[in-house]
Amino acid sequence: VCFILGGLDCSISFVSHVLGKVCIHGRQKEILGVLVPRLTDLTKSDCIWQRICWRLVECVPDRWMEAVVLGFVQRAPGADVLSRLLGSLVVKNKKAQFVVTQKMLLLQYGHTTAMLQNLLGYLSLDSLRRTLLFRVLQELLETWSSSSAVKHSPAEQQLYISKAILICLSHLKEPEIESCRQELLTSMMEGVQCHLDSSLPQLRRLGMVVAEAISLKINTEGPVLKFEYEEDDETRELKSLLVQTPSFCVVPSLPDDDRNEKTGAAVPLVPESNEKSHTAAPVMPDEESDAELDSDDDDLIPYDMSEDKELKIKAPVYIRDCIEVLTGSRSEDVNKWEATVKALESLVRKNPAATREVSVELAKILLHLEEKTCIEGFEELRQRAQVAVLTTDPIPVAKYLTSQFYSLNYSLRQRMDILDVLVLAAQELSCPKFHGKTKHSGAQKPCIQLLPGSDSSKDWRRIVDERIKSKTRRFTTGQSCVELASRPNEFNSVAGYFFFPLIQHFDRPLTTFDLLGEDHLVLGRLVHTLAVLMYLAVNTVAVTAMGKALLEFVWALRFHTDSYVRQGLLSCISSLLLSVPMEQILADMTEELLETQSWLGDVMEKDPDGDCRRLALQNLLLMENLKKKLEAAPS
């Protein structure tokens, strides 16, 4: 600095080389952790130090530029500080421009939200750099609206790009938005379509939030897009990026106190629109309002309704009466229809014999049943009734439901309802039911009933155990223990009726239903359903045949582009390994198992979806553990 003030030339290229060399060898934190705070203080009000800092980063060789720029962006406390430290580096240096506008935004996605705000705020603080900001927004929107990018990039990268788009939009001014309004509208329509087509709820929600933000920017006066979705922390963070406080460009020669005063005066504490809104509504005097009341109202005397009671509609007590009510079209039977829907599940479970006589007819009615009134929890009531019918008469009802899954004239919602009912019924059939024998810790123990037999010495161990229990004091409180009665697995004899019809016709497109085409959301649900059914079929007779069929199904779809489908396929492999005995797998599916192991290795290394990589790793570890157990088991 002394040389410069004295009018002498000096070079800092050596220092720039040292800085680049240190950063490229992984010592960014150590050197920039000291250098950036010091330069931040020196460049606040000294334009000479600003020029020195700009020359320092401009003289860094291109091969080390990325490490230096990344370190400055990470450690700068704000966009205005970054602008002071880097100057117009991205305009002068092509390598720095590539790192800032391409690599850190489109090729990487591990940086924090604060870094994104620093980076894009830096581009917005200078007229020369704003052209780069606009170009960055165009490229981000092009990636966001690409169906191929949505399918093949991980959800974390989609979130990162969405954040960058919202931050860019927050920095655009009205004339800039006006100049690119049609381009923004086109990108919004294409992007929201490919996001809504995704099977992952997170990606669909990202598309909705970004589309709402773009619509809000381009339609400042007219109607804007509004979607219905459940807000979470991620959604609230995204929306906050759109309304962030703009950064102020700092003049080098301006002292700190003066700058703070001017920036503080630039933002009023109370917006004018709020003040006008408080004073715009006139207050009507009480006398005028009373005068407008109709004088005839004084003659009307209200009825006393304190003694009124709500009429209770008696629900049907027979299954056939329920069918008549649910299929009737008379408007005066609405209350009876509600009572029937609420009571149908318990009625089906109490009358299994009567239900079996009309089980298929009742399943058909429930599958097509639509809500007539605003009954609370209608979907859940209908689903529970369907599950009750299916568990009461599994084989014919399962045949009907699985045949209707691939039939014409059904909506996607109805097809997914069929899958949900099959899974819930299979879970109920495969698990032991709870009987009402509860034992409380404070209750007296019942008498011991000995099993009949000629030789009482056979029960000596049980008698001794019961005597020990009767003499033992147990200090437990509160909760009752429910005894599970042992019973056979009812899903054992019907697993094939649930499983095989679903796996047969997945590759046959219909006029309104194409699982391998645009209806990949239903395909994902089908794959997950098959994984659950396979897991519940453990120890059943048909488990080996089910495993073979499922492995062929997985192998046919293993390269599917939708990550939700691939996650389901990997879950199918987990269910197969847990349900089919390892001896049967090695005996009947050795070649398929080796090919599957090789495919899982590729998924673990190359799949863009993090959940798919995790599931593939779990399956490989599960294979190794099962092999070790099989080798350790005595022959």
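Since the model is a prediction, treat every value here as computed from it, not as a measurement.

Caption draft 1: View of the overall build of the protein chain. Across its full length, the protein chain holds 34 helices and two strands. Within the protein chain, counting contacts between residues at least 6 apart in sequence, those at least 24 apart form 75% of the total. Carbon and sulfur atoms form 54% of the exposed surface of the protein chain, whose accessible area is close to 36900 Å².

Caption draft 2: Focus on the pattern of salt bridges. The final tally for this structure, using the stated rule, is 24 salt bridges. Linking Glu30 and Arg27 is a salt bridge whose minimum nitrogen-to-oxygen distance equals 3.2 Å. Its salt-bridge partner being Asp607, residue Arg566 comes within 2.9 Å of it at the nearest N-O pair. One end of the pair, Arg566, is in helix 31 (residues 563–579); the other, Asp607, is in the loop between helix 33 (590–606) and helix 34 (610–632), and 41 residues separate them in sequence. Of the two residues examined, Arg566 and Asp607, each falls in the buried class.

Caption draft 3: Up close: the nonpolar core. Residues Phe405, Phe491, Phe498 and Leu526 are the most contacted members of the largest nonpolar core, which totals 89 residues. Considering every element that reaches this core, the biggest residue donor is helix 29 (residues 520–536), with nine residues. When residues of this core are assigned to domains, at least three map to each of domain 2 (319–392) and domain 3 (489–632). In this structure Phe498 touches Leu390, Pro394, Ala398, Thr402, Leu422, Ala425, Ala426, Leu429, Phe491 and Leu533, once residues within four positions along its chain are discounted. In terms of nonpolar packing, the next biggest core, distinct from the first, is built from 76 residues, Cys53, Cys168, Ile177 and Ile218 among them.

Caption draft 4: Summary view of a negative patch on the surface. Residues Glu552, Glu591, Glu592 and Glu595 make up a contiguous surface patch of negative charge. Considering every element that reaches the negative patch, the biggest residue donor is helix 33, with three residues. Inspection of the secondary structure puts Glu552 in helix 30 (residues 543–557). Since its relative accessible area comes to 60%, Glu552 is described here as exposed.

Caption draft 5: Structural context of helix 21 (residues 334–350). For helix 21, which comprises 17 residues, the first-to-last C-alpha distance of 24 Å matches the rise-based estimate of 24 Å (1.5 Å per residue) to within 8%. Among the residues of helix 21, Trp337, Ala339, Thr340, Val341, Leu344, Glu345, Leu347 and Val348 are the ones counted as buried. Packing partners of the buried residues in helix 21 comprise helix 20 (319–327), helix 22 (352–357), helix 23 (359–368) and helix 24 (378–392).

Caption draft 6: Unusual backbone geometry, seen in detail. A positive phi is found at Asn409, a non-glycine position, where the angle reads about 65°. Note on placement: Asn409 falls in the loop between helix 25 (394–405) and helix 26 (412–430). Its identity as a non-glycine residue notwithstanding, Asn539 has a phi of 70°, on the positive side. Checked against the element boundaries, Asn539 lands in the loop between helix 29 and helix 30. Residue classification places Asn539 among the exposed residues on the basis of a relative accessible area of 72%.

Caption draft 7: Here's a closer look at the side chain of Asp562. Locating Asp562 in the fold gives a position in the loop between helix 30 and helix 31. No salt bridge is formed by the buried Asp562; the nearest opposite charge belongs to Arg566, separated by 6.7 Å. Of note is the side chain of Asp562, whose polar atom sits 3.2 Å from the side chain of His520. Leave out the neighbours within four places in its chain, and Asp562 touches Ser199 and His520.

Caption draft 8: Just the environment of Leu184, in detail. As for its placement among the helices and strands, Leu184 is situated in helix 14 (residues 181–196). Here the alpha-carbon distance between Leu184 and Ser215, two residues 31 residues apart in the chain, equals 8.7 Å.

Caption draft 9: Molecular detail of a nonpolar patch on the surface. Among the surface-exposed residues, Phe14, Val15 and Val18 lie close enough to one another that they form a single nonpolar patch of about 290 Å² accessible area. Along the chain, Val18 falls in helix 2 (residues 13–24).

Caption draft 10: Expanded view of the environment of His152. Within the secondary structure, His152 is located in helix 11 (residues 147–152). Considered as a pair, His152 and Thr561 are 409 residues apart in the sequence and their alpha carbons are 7.0 Å apart. Engagement of the side chain of His152 in a polar contact is seen with the backbone oxygen of Ser148, the distance being 2.9 Å.

Caption draft 11: Broad picture of the environment of Gly496. The topology assignment puts Gly496 in helix 28 (residues 495–504). Between the alpha carbons of Gly496 and Ala542 there is a distance of 6.7 Å; along the sequence they are 46 residues apart.

Caption draft 12: Examining the confidence of the model for the protein chain more closely. Summing up the model confidence of the protein chain, the mean pLDDT is 79 and the portion of residues at 70 or higher is 78%. Contacts for the low-pLDDT stretch residues 246–291, under 50 throughout, to residues beyond four places or in other chains number 23 contacts. Low pLDDT, under 50, characterises residues 434–461; the predicted model gives this stretch 24 contacts beyond four residues in sequence or across chains.

Caption draft 13: Highlighting the packing of aromatic side chains. Tallying each qualifying case throughout the model produces six aromatic pairs. Relative to Phe513, the ring of Phe405 lies with its centre 5.8 Å away and its plane at 90°, an arrangement referred to as edge-to-face. With Phe405 in helix 25 and Phe513 in the loop between helix 28 and helix 29, this residue pair connects regions lying 108 residues apart in the sequence. This pair shows no difference in class: Phe405 is buried, exactly as Phe513 is. Put simply, the rings of Phe405, Tyr406 and Phe513 pair up and form one aromatic cluster. When the ring centre of Trp64 is taken as reference, the NZ or CZ atom of Arg63 above it lies at 4.4 Å. It is Arg415 that lies over the ring of Phe513; its NZ or CZ is 4.0 Å from the centre.

Caption draft 14: Quick peek at the packing of helix 25 against helix 28. Taken N-terminus to C-terminus, the directions of helix 25 and helix 28 make an angle of 15°; their axes are 9 Å apart at the nearest point. Put simply, helix 25 runs roughly parallel to helix 28. The two elements helix 25 and helix 28 cross, and the hand of that crossing is right-handed. Note on element contacts: helix 28 touches helix 25 through Tyr497, Phe498, Pro501 and Leu502, opposite Pro394, Ile395, Ala398, Lys399, Thr402 and Phe405. Residues of the contact of helix 25 with helix 28, tallied by class, amount to eight nonpolar, one polar and one charged.

Caption draft 15: Examining helix 33 more closely. Compared with an ideal rise of 1.5 Å per residue, which puts 17 residues at 24 Å, helix 33 spans 25 Å between its outermost C-alpha atoms and is within 8% of the ideal. Leu593, Thr596, Trp599, Leu600, Gly601 and Val603 are the residues of helix 33 that are buried. Next to the buried residues of helix 33 lie helix 30, helix 31, helix 32 (582–588) and helix 34.

Caption draft 16: The side chain of Asp393, seen in detail. Along the chain, Asp393 falls in the loop between helix 24 and helix 25. No salt bridge is formed by the buried Asp393; its nearest oppositely charged neighbour, Arg356, is found at 4.7 Å. Polar side-chain contacts of Asp393 include one of 2.7 Å to the side chain of Ser359. Once residues lying within four places of it in the same chain are set aside, the contact partners of Asp393 are Arg356 and Ser359.

About the criteria used
Residues numbered from 1 in each chain as written. Predicted model: local features only at pLDDT ≥ 70, side-chain atom pairs only at ≥ 80, totals over all residues. Heavy atoms only, no water. Helix = DSSP H or I, 4+ residues; strand = E, 2+ residues; numbered from the N terminus. Contact = heavy atoms within 4.5 Å. Areas by Shrake-Rupley, 256 points an atom, 1.4 Å probe, with all protein chains shown as cover. Salt bridge = Lys/Arg side-chain N within 4 Å of Asp/Glu carboxyl O. Buried < 20%, exposed > 50% of the residue type's maximum accessible area, 1.4 Å probe, protein only. Core = buried A, V, L, I, M, F, W, Y, C linked by side-chain atoms within 4.5 Å. Domains from an automatic or database assignment. Patch = residues over 30% accessible without salt bridge, like charges linked within 9 Å, V, L, I, M, F, W, Y side chains within 5 Å. Lys, Arg positive; Asp, Glu negative; His and termini not counted. Charge placed at Lys NZ, Arg CZ, Asp CG, Glu CD. Expected span 1.5 Å × (residues − 1). Polar contact = N/O pair within 3.5 Å; in protein donor to acceptor, adjacent residues only side chain to side chain. pLDDT = per-residue confidence, 0-100. Phe/Tyr/Trp six-rings, centres within 6.5 Å; stacked < 30°, edge-to-face > 60°. Lys NZ or Arg CZ within 6 Å of the ring centre and 35° of its normal. Axes fitted to C-alpha atoms, helices over the stretch in contact; angles between N-to-C directions. Parallel < 35°, antiparallel > 145°, perpendicular 65-115°, else oblique. Left-handed = near helix turned anticlockwise from the far one by under 90°. Nonpolar A, V, L, I, M, F, W, Y, C, P; charged D, E, K, R; others polar.

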